[in-house]
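Summary of structural features
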Amino acid sequence: MSLTINRVLFVSLALLFSLMAGAQDIRIELGESEVALNETFTIKVTVSGEKIRSYDQLPDISGFQKQGVSQSSSMNIVNGQMSSTNSIIQYYKPLRKGQFTLPNFTLTVNEESVSSPGKTITVVDARASARNNRALDPFDDLFGGNNSEEPEYVEVEDDAFFSLSVDKEEVYVGEGFNVSLAFYMSESNQAPFNFHEPGKQLERIINEIKPGNAWEENFNITSIQPERVEFGGKQWTKYKVYEASFFPFNAGSVDFPSVGWEMIKYRIAKNPSFFGSNRLQDFKTFYSQPRSIQVNALPPHPLKNEVSVGNYRLRESFEEKEVQTGEGFTYDFTIIGEGNISSIRPPRLKRRQKLNTFDPNEQVQINRGRGKVTGMKEFGYFITLNEQEEVALKDHFEWIYFNPQLAQYDTLVPQSIVRVTGESKINQAISSSRLGGLYDLIEVEDNKLLNQGYKYYFSALINGLLLLAVVLLGFLMFKKK
C-alpha cells in the first residue's frame, strides 16, 4: 500500500514540476550602475518559454534619452528538451553627468505583471573604449561570431513625407473646403517604417490645426488604410490619418500651421546575424507645410447673412394633388445637395394667411465621403386650405441660397399644385379660431344693462365744488381790499 502511495505522490510531483517548467518565466534585467557619457544604459525584459506578444512601454529615466528598442531570441536543446527565450532591450543614452534614479516600476508583459526595484545610476565622463552594454547573441559562439563590440546600426535614407492637403485655395463665406493629413511613402522607399501612437498624435494635431472661425465636419477615420496614388511621375503609398471639411463663418483667411507627425523608423544592422537583432527602433518626425485659405465675402444681398452656401436642388413629395376644403395634407420640402447640411434653414413662407400650417418637422441626413459633405434636409408641413381654388405652392414657399460655382444667388421654388374642391370652410375656420381681445370677454362677462345715472350725480358734485371754490376766492380778494 505504501509503495502505491509513493508512486502516486511521485507522479503528482513530476506533473507539477513539468507544468511549472512549461509556464512562462519573465525577468527584468537592469544595466550597470555606472555608465559613461559615450555608453548606454539598458533595461532588458526576457520571457522564457513564450514569445513576447505584448508589453507596456518601458519607463523614462530622468537625465537619459530613449534611443530605441531591439529584440532577440534564442533556443537551447539540453538532453533532447528544447527551451526558448525572447528578449526586448530598451537603450538609454545619458544626457549629462550626475547621479540619477530609476524608481521601481511594474510592467505588464503577455498580460502578466512583473516588477523591478529600480536602481541609482551614476553617469561619468566618456571612456576611451566603451564597455559592451548589450545582450550577447547566444549563437555567437556556435557560429564563431562572438565579439565584444556593439552591433553597428545604420540609418537607411527614406523617400517619404507628411502633408496637409486642401482641395481649394479660395472660397466664399460658408463654402466648404476639404482638408486631409496623410503620410506618403514612395514605392522605391527602402527605409522600414511603422506608426507610433497615431491616436494620441492625431488628438494633438487636431487641437493645433482646428480653426476657431469655421464649422468642422469630421470624416472620422477609424483605421489607417494604404492607398496607391501617382504624382510627380512616381507611385506612392498614401496613409490618410485625418480628413474633414470646414465651412468658414466670416471673411478673411483660415490658417493651418505646420504640424509634426512622428513615425517609428528602424535602423538596420550593418553586419546582420542570423539569430540576433538586425534592426534598432528609432524615431523620425516629419513636418507638414503651413497652408492658408482665402475666404471672400458674399456679394451684397438682403439675406446674405442668413442664406446657405452650396450646390442644392429641391425634391418635393408630390407634383399635383387634389384635396377637399378643410382637409389636411402633408407636404415635404426637401433640400438635397453639397454643402453645410446642418446649417440649412426652413424655406421662407409667403402669403402665410392663405395656408393654415405650423412649424415643420425636420429630418436631416449627412454623408461624408470622397472629399465632400453631401446630404439632405427635409421640412415636413401639415397644411389645410379652406377655399375652393387652385393653389401653386411656388407662391407660398421659397428657399434662397448662394451658389459658389456660379458666384450668384439662386432660389428654389416648388412646382407642385394643389387643387382644392368643396364648399368654403372659411367661416368655420374663423369661428373655430381664437379671435382674442374683445371677443375673449363674451363668454365671461354679464349681459345685463348697467345703470348709467351715477354719471349725472358725479358731474353735478364736481360742478358744485368748482362753484364753491370760485366764491371762496372772490370773498378772500374782497376782504383783502
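Residues numbered from 1 in each chain as written. Predicted model: local features only at pLDDT ≥ 70, side-chain atom pairs only at ≥ 80, totals over all residues. Heavy atoms only, no water.

1. Some remarks on a nonpolar patch on the surface
A surface patch of nonpolar side chains, about 510 Å² in accessible area, is lined by Phe458, Leu461, Ile462, Leu465 and Leu466. With respect to the secondary-structure elements, Leu465 resides in helix H5 (residues 454-480). (Patch = residues over 30% accessible without salt bridge, like charges linked within 9 Å, V, L, I, M, F, W, Y side chains within 5 Å. Areas by Shrake-Rupley, 256 points an atom, 1.4 Å probe, with all protein chains shown as cover. Salt bridge = Lys/Arg side-chain N within 4 Å of Asp/Glu carboxyl O. Helix = DSSP H or I, 4+ residues; strand = E, 2+ residues; numbered from the N terminus.)

2. Points about the packing of aromatic side chains
Scanning the entire structure with this criterion turns up 28 aromatic pairs. Here a set of aromatic residues connected by ring pairs shows up, and it is made of Phe162, Phe183, Phe193, Phe195, Tyr239, Trp261 and Phe286. Seen from the ring of Phe318, Lys321 lies directly overhead, with NZ or CZ sitting 5.8 Å from the centre. (Phe/Tyr/Trp six-rings, centres within 6.5 Å; stacked < 30°, edge-to-face > 60°. Lys NZ or Arg CZ within 6 Å of the ring centre and 35° of its normal.)

3. Brief notes about the confidence of the model for the protein
Of all residues in the protein, 79% have pLDDT values of 70 or greater, and the mean over the chain is 82. Looking over the protein, one finds the lowest element-wise mean pLDDT in helix H1 (residues 2-22), namely 44, and the highest in strand E12 (residues 170-172), namely 97. Counted against residues more than four places away or in other chains, residues 8-22, with its pLDDT under 50, gives zero contacts. Taken as a whole, residues 130-148 scores under 50 in pLDDT and shows 36 contacts with residues more than four places along the chain or in a different chain. (pLDDT = per-residue confidence, 0-100. Contact = heavy atoms within 4.5 Å.)

4. Here's the deal with the environment of Leu164
The residue Leu164 is located in strand E11 (residues 160-166) in this model. It is 6.8 Å that separates the C-alpha atoms of Leu164 and Gln289, two residues lying 125 residues apart in sequence. Once residues within four sequence positions are removed from consideration, Leu164 is found in contact with Val179, Ser180, Leu181, Ile209, Phe256, Ser288, Gln289 and Arg291.

5. A word on the sheet that holds E12
Taken together, the three strands give an open sheet; going across it, the order is E12-E21-E18, and neighbouring strands pair in mixed fashion. Whereas interior strands pair on both sides, the edge strands pair on one side only; in this sheet they are E12 and strand E18 (252-256). Across the sheet, the axes of successive neighbouring strands diverge by a mean angle of 25°, strand direction being ignored. (Pairing = 2+ DSSP bridges. Axes fitted to C-alpha atoms, helices over the stretch in contact; angles between N-to-C directions.)

6. Considerations on the environment of Ser258
Examined against the element boundaries, Ser258 turns out to sit in the loop between E18 and strand E19 (260-269). You can call Ser258 partly exposed: its relative accessible area is 37%. Considering only alpha carbons, one finds Ser258 and Tyr287, 29 residues apart in sequence, at a separation of 6.3 Å. Apart from the residues within four sequence positions on either side, Ser258 is in contact with Tyr287, Ser288 and Pro290. Within the structure, Ser258 has its side chain in polar contact with the backbone oxygen of Ser288 (distance 2.6 Å). (Buried < 20%, exposed > 50% of the residue type's maximum accessible area, 1.4 Å probe, protein only. Polar contact = N/O pair within 3.5 Å; in protein donor to acceptor, adjacent residues only side chain to side chain.)

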